[in-house]
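# Structural characterization, general
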Amino acid sequence: MMTETSKDNAKANTMWGGRFAAGPDAIMEAINASIGFDQRMAKQDIEGSRAHAAMLAAAGIITDTDAAAIREGLLTVLSEIEGGTFEFSTALEDIHMNVESRLKDLIGEPAGRLHTARSRNDQVALDFRMWVREQTDAAITGLQALMKALLTQAEAGADWVMPGFTHLQVAQPVTWGHHMMAYVEMFGRDMSRFADARKRMNLSPLGAAALAGTSFPIDRHMTAQALGFDAPAPNSLDAVADRDFALEYLAACSITAMHLSRFSEELVIWSSAQFRFVQLSDRFSTGSSIMPQKKNPDAAELIRAKIGRIMGAMVGLFTVMKGLPLTYSKDMQEDKEQVFDAADSLMLALAAMTGMVSDMNANVEELERAAATGFSTATDLADWLVRELGMPFREAHHVTGTLVALAEGKGCDLPDLSLDDMQGVHENINAGVFDVLGVHNSVASRTSYGGTAPSEVRKQIARWKEALK
Ligand code: ARG
């Protein structure tokens, strides 16, 4: 809820207006205020302030009584915000001053001592870092859920045969399990990217103050520890100026969104009438208002599109940051909205993808039928010529190409050629060749490490199940 009291407007800002004779113009207030969005960091702001107050008391900078009043009062403020009764004011600019002002209403004079040895510059750096850290953890949890859904699909279809594509042309038969596990690898890397970024971001900027540190005997290690950081950030200028943590988070989000988008594209193709590889559930499809027969993969399409705003947020923040001199500039207030939007978009996309994957039904017969089209076992045939007839691979490739052309001319697939047809191209070919032309034999033979053979795929499934326990 946003209220605009004229009282707030008329007078100079009570937080910083000592040298001001008049309050800001309404337009100045509108462009300056961040409370419309940074209220999402209320929890982090209050947690940070509570830790700061406890530290100030422990260091003898404020009294224990004042610290207790501040810490207690801040909990009341938090419950007001969470309960929806807090009145946010644009005149008070941002979450930091809204909270502090309310604290003053509640506890009076001691509230004014909270901001000792601190600035909004280290405060906002702290709040935002904690907010991004929480989202980093949420992304990891969301990715884990998606990977588990993919593992369930992979296990069910470890030996279902489907076409593997290059150039979206049928290339070689692969297994459904193998295809699902390819995404488990991608999302696994995404997870580790978030985890890596988290390690680097986990240094506390609190106590850097405005930019130069402070003359008060603060204990930055104490607040860092209380707020779950590994250590305080070692350079106060950098602590205030750094937004790398948000950029790294957005980069990890963007790569994840790219993976989600590729998978979505496949689901859109696979669920089409031309492919019929999968059936998406009613829960994750929509109908058409004019064409009664339609069942559209809207969730997949929307996930496919989320990369636009997520990667847009990353480019946006890079652009905000790239020319800023040290340390803080108000430009940096423009760091938050896009990160918030990217986080919401990513979490929604992950949840929707997890739901779609859990619900989707593979059309096993159709997958197998498609796997056998497009001369998909031509490589198996060439490999057979090398293995059984001792042919150099280049010659085998050529002989196989001739056989493919022959089959194409006859309008049939490779296994439909007769032995006579085969021997017409190369006299030494024998009936044993037909064993390798079936799609099941083809996939079963690809037992190289990481290959599509069900035996190999099951090993990878087991490894990931263990890792995700
Ligand atoms: N609302 C501000 C932001 O988001 C807080 C920091 C303000 N600092 C300042 N020096 N004006 O960046």
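Note that the structure is a prediction, hence the values are computed from the model and not measured.

Conventions adopted
- Counting restarts for each chain: residues are numbered from 1 in the order of the written sequence.
- Owing to the predicted nature of the model, reporting of local features is limited to residues with pLDDT of at least 70; listing and counting of side-chain atom pairs is limited to 80 or more, with chain, interface and lining totals taken over all residues.
- Side-chain numbers come from the whole structure's heavy atoms, not from hydrogens or water.
- By the criteria applied, helices consist of DSSP H or I runs no shorter than four residues and strands consist of E runs no shorter than two, each listed in order from the N terminus.
- Only C-alpha atoms enter the radius of gyration; for comparison, a globular chain is expected to reach 2.2 Å times N to the power 0.38, where N is the number of residues.
- Exposure categories follow from relative accessible area, calculated using a 1.4 Å probe and restricted to protein chains: below 20% of the type maximum is buried, above 50% is exposed, and the middle band is partly exposed.
- Computed with a 1.4 Å probe, the accessible areas rest on the Shrake-Rupley method; for each residue, only the protein chains presented here act as cover.
- Within this scheme the basic residues Lys and Arg register as positive and the acidic residues Asp and Glu register as negative, but His and the chain ends are omitted.
- We put the charge of a Lys on NZ, of an Arg on CZ, of an Asp on CG and of a Glu on CD.
- Here a residue is considered near a molecule or strand provided that any single heavy atom belonging to it is located within 4 Å of it.
- Distance and chemistry together define a polar contact, namely a pair of N or O atoms within 3.5 Å, with one atom able to donate a hydrogen and the other to accept it when in protein, and with adjacent residues in sequence counting only for side-chain atoms on both sides.
- For this classification, Asp, Glu, Lys and Arg are treated as charged, while Ala, Val, Leu, Ile, Met, Phe, Trp, Tyr, Cys and Pro are nonpolar and the rest, including Gly, are polar.
- Note on definitions: a residue-residue contact is assigned when non-hydrogen atoms from the two residues lie within 4.5 Å.
- Between Lys or Arg on one side and Asp or Glu on the other, a salt bridge is scored when a side-chain nitrogen of the former is within 4 Å of a carboxyl oxygen of the latter.
- An axis is simply a line fitted to the C-alpha atoms; with a helix, the fit covers only the stretch in contact. Between two such axes, the angle follows the N-to-C directions and lies from 0 to 180 degrees.
- Note on angle classes: values under 35 degrees are labelled roughly parallel, values over 145 roughly antiparallel, values of 65 to 115 roughly perpendicular, and the remainder oblique.
- Note on convention: near helix rotated counterclockwise from far helix by under a right angle means a left-handed crossing. Clockwise means right-handed.
- Each Phe, Tyr or Trp ring (for Trp, its six-membered ring) is paired with any other whose centre lies within 6.5 Å, and the angle between the two planes then decides the class: stacked below 30 degrees, edge-to-face above 60, tilted in between.
- Strands qualify as paired when DSSP identifies two bridges or more between them.
- For a helix, the expected span equals 1.5 Å multiplied by the residue count minus one.
- Like charges are joined within 9 Å and nonpolar side chains (Val, Leu, Ile, Met, Phe, Trp, Tyr) within 5 Å, but only among residues with over 30% relative accessible area and no salt bridge; these make up the patches.

This paragraph deals with the overall build of the chain. When helices and strands are counted, the chain shows 19 helices and eight strands. On C-alpha atoms alone, the chain measures out to a radius of gyration of 31 Å, which is more than a quarter above the 23 Å that the 2.2 N^0.38 rule sets for 469 residues. Taking all 469 residues of the chain together, the buried fraction comes to 50%. Of the roughly 21,600 Å² that the chain leaves accessible, carbon and sulfur atoms contribute 54%. In the chain, 43 side chains carry a positive charge and 61 a negative one; their mean positions are 3 Å apart.

Taken together, Ser 34, Asp 38, Asp 94, His 96, Arg 120, Asn 121, Val 124, Tyr 328, Gln 333 and Lys 336 make up the full set of residues near the ligand. At 3.0 Å from a nitrogen atom of the ligand is found a side-chain nitrogen or oxygen belonging to Asp 94. Contacts to the ligand include Gln 333, whose side-chain N or O atom sits 2.8 Å from a nitrogen atom. Look at the ligand: alone it shows 340 Å² of surface, and the protein chains cover 86% of it. Broken down by element, the residue count for the shell around the ligand peaks at three residues, all from helix H7 (residues 120-156). For the shell around the ligand, the class distribution of residues is two nonpolar, four polar and four charged.

Another aspect to go through is the side chain of Gln 333. Counting through the fold element by element, Gln 333 comes out in the loop between helix H12 (298-321) and helix H13 (336-359). Sequence-distant contacts of Gln 333, defined by excluding residues within four places in its chain, comprise Ile 31, Asn 32, Ala 33, Ser 34, Phe 37 and Tyr 328.

Let's shift gears to the pattern of salt bridges. For the structure shown, the criterion picks out 30 salt bridges. Of the charged contacts, one joins Arg 304 and Glu 265 as a salt bridge, the two residues approaching to 2.5 Å between their closest N and O atoms. Of this pair, Arg 304 sits in helix H12 while Glu 265 sits in helix H11 (residues 244-270); the two residues are 39 residues apart in sequence, bridging distant segments of the chain. By relative accessible area, Arg 304 is classed as partly exposed at 27%. The network of salt bridges with shared partners includes Glu 93, Asp 94, Arg 120 and Lys 330.

Running from amino to carboxyl end, H7 crosses H11 at an angle of 25 degrees, the nearest separation of the two axes being 10 Å. The pairing of H7 with H11 is recorded here as roughly parallel in orientation. The element H7 and its partner H11 pack so that their crossing is left-handed. Taken together, the residues of H11 that come into contact with H7 (itself represented by Ala 125, Phe 128, Arg 129, Val 132, Gln 135, Thr 136, Leu 143, Leu 146 and Leu 150) are Phe 245, Ala 246, Tyr 249, Thr 256, Leu 260 and Phe 263. Classifying every residue of the contact of H7 with H11 gives 11 nonpolar, three polar and one charged.

Let us look at the packing of aromatic side chains. Here the structure, examined in full by the defined rule, presents 14 aromatic pairs. Plain terms: the ring middles of Trp 160 and Trp 176 are 6.2 Å apart, the flat faces sit at 45 degrees to each other, and that makes the pair tilted. Highlighted residues: Trp 160 in the loop between H7 and strand E3 (161-166) and Trp 176 in helix H8 (residues 176-201), separated in sequence by 16 residues. Looking at Trp 160, the relative accessible area reads 22%, which means it is partly exposed.

Here we come to the pairing of E3. Successive residues of a regular strand alternate their side chains across the two faces of the sheet. Where E3 and strand E4 (residues 169-175) come together, six bridges link them in antiparallel fashion. Paired with Met 162 across the bridge in E4 is Val 174. Here E3 hands over to E4 after two residues, with His 167 in that stretch at a positive phi of 55 degrees.

In this section: helix H6 (residues 95-107). For H6, which comprises 13 residues, the first-to-last C-alpha distance of 18 Å matches the rise-based estimate of 18 Å (1.5 Å per residue) to within 8%. Among the residues of H6, those classed as buried are Ile 95, His 96, Met 97, Asn 98, Val 99, Glu 100, Ser 101 and Leu 103.

A cluster of nonpolar residues, Leu 211, Leu 237 and Leu 326, forms a patch on the protein surface that exposes about 280 Å² of accessible area. Within the fold, Leu 211 resides in the loop between strand E5 (203-204) and helix H9 (220-226). What makes Leu 211 partly exposed here is its relative accessible area of 36%.

What follows is about the environment of Phe 284. Tracing the chain through its elements places Phe 284 in the loop between strand E7 (278-279) and H12. For the pair Phe 284 and Glu 456, spaced 172 residues apart in sequence, the C-alpha separation works out to 32 Å. Beyond its immediate sequence surroundings of up to four residues, Phe 284 is in contact with Ala 299, Ala 352, Gly 355, Met 356 and Asp 359.

Let's shift gears to H11. Helix length check: H11, at 27 residues, gives a terminal C-alpha distance of 39 Å against a target of 39 Å (1.5 Å per residue), a fit within 8%. For H11, the buried fraction is high: 19 of the 27 residues fall into the buried class.

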